[in-house]
Every structure is written in C-alpha cells, then in structure tokens.
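So you can see what is in the structure, the chains are spelled out below.
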Amino acid sequence: MVDLSPHRFTVTTPLYYVNDVPHLGSAYTTLVADTIARFHRLQGQDVLLITGTDEHGQKIQRTAEGKGLDPQTHCDQIVQHFEALWQALNIQYDRFSRTTDPRHGAIVKDFFARVWAQGDIYPARQQGWYCVACEEFKEERELLADGHCPLHPTLKTEWRDEENYFFRLSRYQSALEQLYAERPDFIQPESRRNEVLKFVQQGLQDFSISRVNVSWGFPLPCDVEQTIYVWFDALLGYVTALLEPGEEPSLDRALAQWWPINLHLIGKDILRFHAVYWPAMLLSAGLPLPGAVFGHGFLTKDGHKMSKSLGNTLDPLALVQRYGSDAVRYYFVKEIEFGRDGDFNEVRFVHILNADLANDLGNLLNRTLGMVKKYCQGQAPQATTAEQAPDNPLRILGLALSEKVLTAYHHLAFHQVCEDVFALVRAGNKYIDDRAPWSLFKMGQQAAVEEVLYSVLESLRLAAYLLAPIIPNLSTKIYQQLGFTLDFNDWPSVAQQAPFPQHSQWGQFPLNSHFAPPQPIFSRLELPADADVSP
Ligand code: MSP
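Residues numbered from 1 in each chain as written. Predicted model: local features only at pLDDT ≥ 70, side-chain atom pairs only at ≥ 80, totals over all residues. Heavy atoms only, no water.

For the rest of this paragraph, the subject is the overall build of the chain. A tally of helices and strands in the chain yields 19 helices and 18 strands. By principal-axis analysis of the C-alpha atoms, the chain measures approximately 90 × 50 × 40 Å. For the chain, with 535 residues in total, the buried portion stands at 58%. Considering only contacts in the chain between residues 6 or more positions apart, those separated by 24 or more positions represent 77%. For the chain, the accessible surface area stands at approximately 21,500 Å², while carbon and sulfur atoms represent 50% of it. Placing the 46 positive and 63 negative side-chain charges of the chain at their respective mean positions leaves the two points 3 Å apart. (Helix = DSSP H or I, 4+ residues; strand = E, 2+ residues; numbered from the N terminus. Buried < 20%, exposed > 50% of the residue type's maximum accessible area, 1.4 Å probe, protein only. Contact = heavy atoms within 4.5 Å. Areas by Shrake-Rupley, 256 points an atom, 1.4 Å probe, with all protein chains shown as cover. Lys, Arg positive; Asp, Glu negative; His and termini not counted. Charge placed at Lys NZ, Arg CZ, Asp CG, Glu CD.)

Turning our eyes to something else, we now look at the sheet that holds strand β12 (residues 219-220). Pairing in this open sheet of three strands is antiparallel, and the strands run β11-β13-β12 from one edge to the other. Edge positions in the sheet fall to β11 (210-211) and β12, since each has one partner strand and no second. Note that β12 and strand β13 (residues 223-228) share two bridges and pair antiparallel. Looking at the pairing, L220 lines up with D223 of β13. (Pairing = 2+ DSSP bridges.)

Another aspect to go through is helix α11 (residues 316-323). Listing the buried residues of α11 in full gives P316, L319, V320 and Y323. In a view along the axis of α11, the buried residues occupy a sector of 95 degrees, so they form one face of it. Those residues of α11 hidden inside the fold are in contact with α1 (24-42), α3 (71-88), α12 (325-335) and α13 (346-375). The distance from a side-chain oxygen at the start of α11 to the backbone nitrogen of L317 is 2.9 Å, and the residue carrying that oxygen is D315. Two residues or fewer after α11 comes G324, characterised by a positive phi angle close to 95 degrees. (Arc of directions from axis to C-beta. Polar contact = N/O pair within 3.5 Å; in protein donor to acceptor, adjacent residues only side chain to side chain.)

The subject of this paragraph is the domain arrangement of the chain. Frequently, the measure chosen for interface size is the accessible area removed from exposure when the parts meet. Domain boundaries assigned for the chain yield domain 1 (8-296) and domain 2 (346-503). Between domain 1 and domain 2 lies a buried interface of about 1,400 Å² when both sides are counted; carbon and sulfur atoms form 72% of it. Of all residues in domain 1, the largest losses of buried area upon contact with domain 2 belong to R38, F39 and L42, amounting jointly to 47% of the total for that side. Joining domain 1 to domain 2, the criterion identifies zero salt bridges. At the boundary of domain 1 and domain 2, one finds seven residue pairs in polar contact (both at pLDDT 80 or more). Top element by residues in the side of domain 1 that touches domain 2 is α1. It accounts for seven residues. (Domains from an automatic or database assignment. Buried area = accessible area lost by both parts, 1.4 Å probe. Salt bridge = Lys/Arg side-chain N within 4 Å of Asp/Glu carboxyl O.)

In this section: the site of the ligand. Taken together, 22 residues lie around the ligand, and D54, G267, D269, L299 and M306 are the ones closest in. D54 has a polar side-chain atom sitting 2.7 Å from a nitrogen atom of the ligand. M306 is positioned such that a nitrogen or oxygen atom in its backbone is 2.8 Å from a nitrogen atom of the ligand. For the ligand, the protein covers 94% of the area, taking 660 Å² as the surface of the free molecule. (Near = heavy atom within 4 Å.)

What the rule picks out here adds up to 26 salt bridges. We note a salt bridge from R98 to E55, for which the minimum N-O separation is 2.6 Å. Highlighted residues: R98 in strand β3 (residues 95-98) and E55 in the loop between β2 (46-54) and α2 (58-67), separated in sequence by 43 residues. Given the relative accessible area of 0%, E55 is considered buried. Salt-bridge contacts for K268 lead to D341; the nearest nitrogen and oxygen are separated by 3.1 Å. One end of the pair, K268, is in the loop between β14 (263-267) and α10 (271-284); the other, D341, is in the loop between α12 and β18 (342-343), with 73 residues separating them in the sequence. For K268, a relative accessible area of 23% gives the class partly exposed. Each of K334, D356, D360 and R426 takes part in one network of salt bridges that share partners.

Now for the packing of helix α5 (residues 173-182) against helix α6 (residues 190-201). Running from amino to carboxyl end, α5 crosses α6 at an angle of 155 degrees, the nearest separation of the two axes being 11 Å. Put simply, α5 runs roughly antiparallel to α6. Judged by the twist between their axes, the crossing of α5 over α6 is left-handed. Counting all contacts with α5, which are made through Q173, E177, Y180 and A181, the residues of α6 involved are R193, V196, L197, V200 and Q201. Each residue belonging to the contact of α5 with α6 can be placed in one class, and the counts come to five nonpolar, two polar and two charged. (Axes fitted to C-alpha atoms, helices over the stretch in contact; angles between N-to-C directions. Parallel < 35°, antiparallel > 145°, perpendicular 65-115°, else oblique. Left-handed = near helix turned anticlockwise from the far one by under 90°. Nonpolar A, V, L, I, M, F, W, Y, C, P; charged D, E, K, R; others polar.)

With that out of the way, let us pick up the sheet that holds strand β5 (residues 136-138). Strand pairing in a sheet relies on backbone hydrogen bonds, with the paired strands running either antiparallel or parallel. Across the sheet, which stays open at both edges, the four strands sit in the order β5-β4-β8-β10 with antiparallel pairing between neighbours. Bordering the open sheet on either side are β5 and β10 (207-208), each of which pairs with just one other strand. Most of the contacts of α10 go to strand β8 (residues 158-167), to which it runs at about 30 degrees, and overall it touches β5, β8 and β10.

A word on the pairing of strand β1 (residues 8-17). Consecutive side chains of a regular strand alternate in pointing toward one face of the sheet and then the other. When you tally the buried positions in β1, you get ten out of ten residues, the bulk of the element. As paired elements, β1 and β2 share eight bridges and run parallel to each other. Residue pairing across strands places R8 opposite D46, the latter belonging to β2. Once the chain exits β1 it traverses α1 before rejoining the sheet at β2, and the crossover so formed is right-handed. Across two bridges, β1 lies against β14 in parallel orientation. Pairing of V11 across the sheet is with L263, part of β14. (Right-handed = clockwise from strand over helix to strand, strands pointing away.)

Attention shifts here to the environment of V11. Along the chain, V11 falls in strand β1. On a C-alpha basis, the gap between V11 and L353 in space is 28 Å, while along the polypeptide they are 342 residues apart. Leave out the neighbours within four places in its chain, and V11 touches A33, A37, L48, L49, I50, L263 and L265.

Taken across its eleven residues, α12 has nine buried, putting it largely inside the fold. Turning to α12, its buried residues are S325, D326, A327, V328, R329, Y330, Y331, F332 and V333.

Take a look at the structure:
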C-alpha cells in the first residue's frame, strides 16, 4: 500500500445509494474499511475513515416518487438506517458524507469550474441504453440477450437520446496509461487492474456529465436547464468529506489537510468510475491522485450477487443483533479472501465462529486463567522470553508472528491475518495438551508449569492485539482479563497501555498482572430454528 505520508491515512467506502436500507453487501465494504482504519490507528497514525451516501440522480428520484415522498425526506429517512447499522457494527467513521449536504454543492461548483477552465466540458448529443440501477450508459455488447443489464437482470435498460454536456475523457487516455504503468499498485488486486487496462486499451470515449430530465441533482453551472450527472457529483463527495465540521466550503480548503486520499475501497462493479473516470477528472482539475483503488468481490447468496433488485439480500442489522458485531466482522474478514467473491451461508457462519472464537480462542483463555488460579495462586506465571526454552513452540511462532501479520495487513490479506494468528492460538491449545500442566504441577515442577502458562497467556495477548482491528470488543475482553484496563475502541488508552510496535511483538506480558476472574468471552452461537441449513 502506498504510504503518502507516514503519519496520516485516509480511507473511503463508496458513498452508498439510498434507494433502500443497507444490505449485507454495503456492510461488507464498510466493515473492511473500518478494519483497515483501525489497523492504522493501532500504529498511532492520524486516520480519517470516510463513508456516506449518494443521494442524487434518477434512481433516488424515482424511488422517492414511488413512495410518495419528496426526495430529501426519503433520503433523510434512509440515512438513519445507515447510521444505525454503522453504530451496531462498531464502525468508527470520522466523516459521513451526504451528497445533498449544501456544502457539497459548493465543492462541486468549484471543481466544475476548474474542469471547465481546462476546456474539458462541451455540449453534444448522447444516445444509448441507460441502466438506472447502475446510473450508467451501457454499450450494446455489454447487455444480456434480452437487453437487460447483467448486473440488474430483472430491470430493463432505457433508451436515451438527449443533448448533454460531455467530459473529455479521451484526452486523458495516455496520461492514464502512464499512471497505470508507473504505479502498478494504483488498481488492486491484479485481476481488476488487468480488467481496467483492457478497457482503456480499447480507447476511451468522452462521457456525458449532465442530465436533462432529472431534476434531483445540482444544476449544471453552464446550463441550469440540466443537472449534474450523479456520478460526477458523487465522486466529489469524497472531497467534501475532507472539510472540517462547520468549515466554510471551498475546494482549496477541502484539499488542504487530508488530500490525497490513500485508499478507495469499492466493489468491482464500480471500478471504472474510480480507476478511470475519477483520476481523469482529477488530472483535468490539476489535482494529485489518490494512492490506490481496491475493487473487492461480491457477496453472493447461492451463487448470485446479493442485490436489492434480485431480492436475495440479507439484513445486516438483524445479523448483528443476533450474533454481535465482532462475530459478523470476523466472519467476513476471515472467510472471504479480500478481492474475491464469497458466498454467505448461515450454517457455516455459526460453525466458524464457534470453532474459532468460542472454542479455540475463548476456551484457551478460560482454561488457562483457570489453571493460573489453581497452580499459581492467581499470580502471573513467571517466565520471561529469556527464560523460555528455545524450543518452546509458542515462543518460536510468536517471535515470527508480528512481521507476518503486519505484512498481511499491509497487503489487505485479512484472511491471512486470521490464519496466522489462529495458528498460534491452536498451537497454544496443543501445547497445553502436550505439556499437561496439571501433571507437571503434581510432580512439583513449578517452573515448568509457569513457563507453559506464561507462554500461553502471552500467545493470547499477542493474538488479541493483532486481531484488535477485526474484533475490537473481544480483544478488549481478553486484554482486560489479562489485567489491562484499556479498550481497543478508545485509542488514547491503547497508546498508553499497549503502544505500537512493542505490543505487536512477542514478550510483552506483564509479570505482575492482576487477573480478573475468568469469564467466557464469547458464548457459543446457536442457529435459529428457521435457518436455511442447505449446504
Ligand atoms: N453510489 C454508488 C457509489 C458512489 S461512490 C462515489 C454505488 N452505490 S451502491 O449502493 O449501489 O453500491 C455501493 C457499494 O456496495 C459498491 O461498492 C458495490 O460494489 C457494493 N455492493 C453492492 N452489492 C454488493 C454485494 N452483493 N457484495 C459486495 N458488495 C456489493 O454504487
């Protein structure tokens, strides 16, 4: 990942359409973005996590009309569902950017003026098939045999023929090709990069950035009979988000502190907008480009993209309310290799959480603290790294773990993070079984008992620390049972009691711990009676 500045990190989720309440697909990007933001906060960086909503355009206008509401009232209602979900999922966002925020209008106007001054906007006729659900014109060759959009196979595309204003994308063909060549990390993962390269190689066409018959949008500065195309407006929502709360809006002020953004996280369906249109718009306005665009895969249900138009979505709020935020966060981060599609299955969900969080992690903590109470009179076992046998398997794994896991985080390989950390946790369980501290205790080998227990507790601490960006509440419970008072949702307490990089390394467990009475940290989950148990 490009580090534009070592001290600060800005990451965005897409600005979600408010045509409906959020579904699991939108929750997925946001919980991953939060994990990334937390990873950077853990390292002591200043972080800005931007999320928000995309509220203009025909799709929203029609949805509001369908409900008999004026569009703003409709948007205000839906936004509350997003905010409630982010709270339930324990998302620490810094900015919630709404494209109907009046300050956003000022930013769009400033930006439009720059692009206009470059001579990159001109009037022309637009003809083509339009998918309102995508808010995008589609090439005839992209459509299904029945003329429907492949991403919204239940919805008809609509023929459009109107005078619009165009953005001169074609002018940026070679600048974009140079960008992709010079910064191979700009588009991730590799498969998405190849997709974009192929698309750009075919030759870039100018695209229309205004609409005639859509009233729900900002008026086009050069022709107030038209409104600004929703995507031109929405991408700039990332910039508006950079304004301080209450700050007078201007493009220069918005860009002063946090620009350029380090990472845009998006789903693969909106790759072109972010990896082609957006950098071209920024080049036109003479602005530095973001660090990277990562296009992740789709969540599918029974092999189909979860989408509102297909009606196969899952209510993320219900899932969080039933199983808890850490459970939901852990499942998606561990189960789906970031960048690939992943299927959701509730039986598997429950199975994985019980196996990893309840059994491997939770039981290990519980049984170890139980033994500390019994065999060490509740005092911290004494066995610093230096006193551990060189062949102590936990020490060997633990010493190598930090570098491995931090590298995996930097590469956004979260499933790898979980795999590496749980290799240590499972080794902890095995080590206890192999060394049987209860027998060592009976034989009077107190030093050996303490070495075993110390190294297991240190494994648990290290695992909790490295997993804190993913399961902050559970990590907090583990740290607190080990005698710390910090909370992984409260960054000053983390900086004070578990500073980075020390705590990401093996050997930090304090020898003078006062343990809280052991308590189960994660209760086994039960499948609801109505769960779909088909494989
Ligand atoms: N409003 C635009 C984004 C503008 S960004 C300046 C938009 N909104 S969306 O609500 O339709 O989609 C938001 C994100 O959710 C996209 O990244 C999309 O890929 C993602 N997902 C929608 N369905 C999804 C799944 N089934 N699985 C994973 N992500 C999915 O596009």
